[in-house]
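Structural overview
So you can see what is in the structure, the chains are spelled out below.
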Amino acid sequence: MGKVVSNVKVAEQVYLLRVEGNYEGSMGQFYMLRAWGHYPLLSRPISIFNKDDESIEFLYQVVGEGTALLASLRSGDTLQLEGPFGNGFPVAEGRVALIGGGIGIAPFYYCAQQINSDIYLGFSTEAYLQDAFSKLTSSLHINVGGIVVDDVDFEQYDTIMACGPHAMMRAVQTKYFQSSRRAKVYISLENRMACGIGACLVCTVSCLDGRKKACTEGPVFEAQEVTFHD
Ligand code: FES
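Here is a short report on the structure shown in this document. Note that the structure is predicted; figures quoted are calculated from it, not measured.

A short note on the overall build of the protein chain
- Check the secondary structure of the protein chain and you find 4 helices and 14 strands.
- When each of the 230 residues of the protein chain is scored for burial, the buried share is 52%.
- When contacts within the protein chain are restricted to residue pairs at least 6 apart in sequence, long-range pairs at least 24 apart make up 59% of them.
- Carbon and sulfur atoms make up 47% of the accessible area of the protein chain, which totals about 10600 Å².
- Distance between charge centroids for the protein chain: 4 Å, based on 18 positive and 25 negative side chains.

Structure below.
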């Protein structure tokens, strides 16, 4: 069980939860969080936003009953954390761009502390945490209401890491195919998950070489390996 240090609203329906303790985890990995008994049944997969020797932070959006219960946590409350899960992002090489859309910005705060990178953040209605991100890069691009992927010149980068809704990840893949493919491009998928350990198959992703589990073989995939159907 983890003990809540703080749980702060940073934008409409978006919260930053800090939990006491020295937790494991690398760039792009996630934890399964649970602050309830038997219902809602499933724990919620939430990316590592930040961590140090004393605490770990999670940025999440309230989208249902589980995340609403997370939002009701107060300092001193306890919750269940399991993880870290997932493959995470690989070590990046060369000039790097990080592209986050909506709550998909979450993994890139921790990434940007370890990688010298240009950061592109896209929001539908309201930007948040831009001051925090601006301390980690000299090249921060914020897009509100537009298509953040359009702001990125793929030819300028050796490595591109992206996280966001499926439509955005599909746009990243399309742009990758249209580019000279010089850059290594990775997409992190926000799939629905249940067990987080490869047992339930809720999170499967269609890939060129068959179906893969986002929780154990992802959530990070090379852009060209995913086959989007929708
Ligand atoms: Fe159960 Fe991935 S969440 S197999």
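There's plenty left to go through after this.
Focus on the environment of cysteine 111
- Within the element layout of this structure, cysteine 111 appears in helix α2 (residues 106-114).
- Residue contacts for cysteine 111: discarding those within four places in its chain leaves Met27, Phe89 and Leu98.

Overview of the pattern of salt bridges
- Considering all chains together, one arrives at 7 salt bridges under this definition.
- In this structure, aspartate 118 engages arginine 95 in a salt bridge whose closest nitrogen and oxygen atoms are separated by 2.8 Å. Residue aspartate 118 is located in strand β8 (residues 117-123), and its partner arginine 95 is located in the loop between β6 (78-85) and β7 (96-101); the two are separated by 23 residues in the primary sequence.
- Since its relative accessible area comes to 39%, arginine 95 is described here as partly exposed.
- Between glutamate 222 and lysine 184 there is a salt bridge, and its shortest N-O distance comes to 3.6 Å. Residue glutamate 222 is located in strand β14 (residues 220-222), and its partner lysine 184 is located in strand β11 (residues 184-189); the two are separated by 38 residues in the primary sequence.
- The network of salt bridges with common partners includes Asp209, Lys212 and Glu225.

Notes on the packing of aromatic side chains
- Applying the stated criterion across every chain, the model contains 11 aromatic pairs.
- With centroids separated by 5.7 Å and ring planes inclined at 75°, the aromatic side chains of tyrosine 31 and phenylalanine 58 adopt a geometry described as edge-to-face. Pair noted here: tyrosine 31 is in strand β3 (residues 30-34) and phenylalanine 58 is in strand β5 (residues 55-61), with a separation of 27 residues, a long-range link. Like tyrosine 31, the residue phenylalanine 58 is buried in the burial classification.
- Taking the centre distance of 5.5 Å and the plane angle of 35° together, the rings of phenylalanine 89 and phenylalanine 108 count as tilted. Taken together, the residues phenylalanine 89 in the loop between β6 and β7 and phenylalanine 108 in helix α2 connect sequence positions 19 residues apart.
- Through successive ring pairs, a cluster of aromatic residues spans Tyr23, Tyr31 and Phe58.

What to know about the sheet that holds β6
- One closed barrel holds the 6 strands; their spatial order is β1-β2-β5-β4-β3-β6, and the pairing between them is antiparallel. Neighbour to neighbour, the strand axes of the sheet diverge by 45° on average, direction disregarded.

Comments concerning α2
- By the criterion of burial, α2 is predominantly enclosed, with 7 of the 9 residues buried.
- Where α2 is concerned, the buried positions are Ala106, Pro107, Phe108, Tyr109, Tyr110, Cys111 and Ala112.

Things to note about the pairing of β3
- In terms of burial, β3 is largely enclosed, as 5 of its 5 residues are buried.
- With burial as the criterion, each face of β3 is covered, one bearing Phe30, Met32 and Arg34 and the other bearing Tyr31 and Leu33.
- Both β3 and strand β4 (residues 44-51) contribute to a ladder of 4 bridges, which runs antiparallel. Along β4, the bridge assignment pairs methionine 32 with proline 45.
- As paired strands, β3 and β6 are joined by 4 bridges and run antiparallel to one another. Among the inter-strand pairings, phenylalanine 30 is bridged to a residue of β6, identified as phenylalanine 85.

Calculation notes
Residues numbered from 1 in each chain as written. Predicted model: local features only at pLDDT ≥ 70, side-chain atom pairs only at ≥ 80, totals over all residues. Heavy atoms only, no water. Helix = DSSP H or I, 4+ residues; strand = E, 2+ residues; numbered from the N terminus. Buried < 20%, exposed > 50% of the residue type's maximum accessible area, 1.4 Å probe, protein only. Contact = heavy atoms within 4.5 Å. Areas by Shrake-Rupley, 256 points an atom, 1.4 Å probe, with all protein chains shown as cover. Lys, Arg positive; Asp, Glu negative; His and termini not counted. Charge placed at Lys NZ, Arg CZ, Asp CG, Glu CD. Salt bridge = Lys/Arg side-chain N within 4 Å of Asp/Glu carboxyl O. Phe/Tyr/Trp six-rings, centres within 6.5 Å; stacked < 30°, edge-to-face > 60°. Pairing = 2+ DSSP bridges. Axes fitted to C-alpha atoms, helices over the stretch in contact; angles between N-to-C directions.

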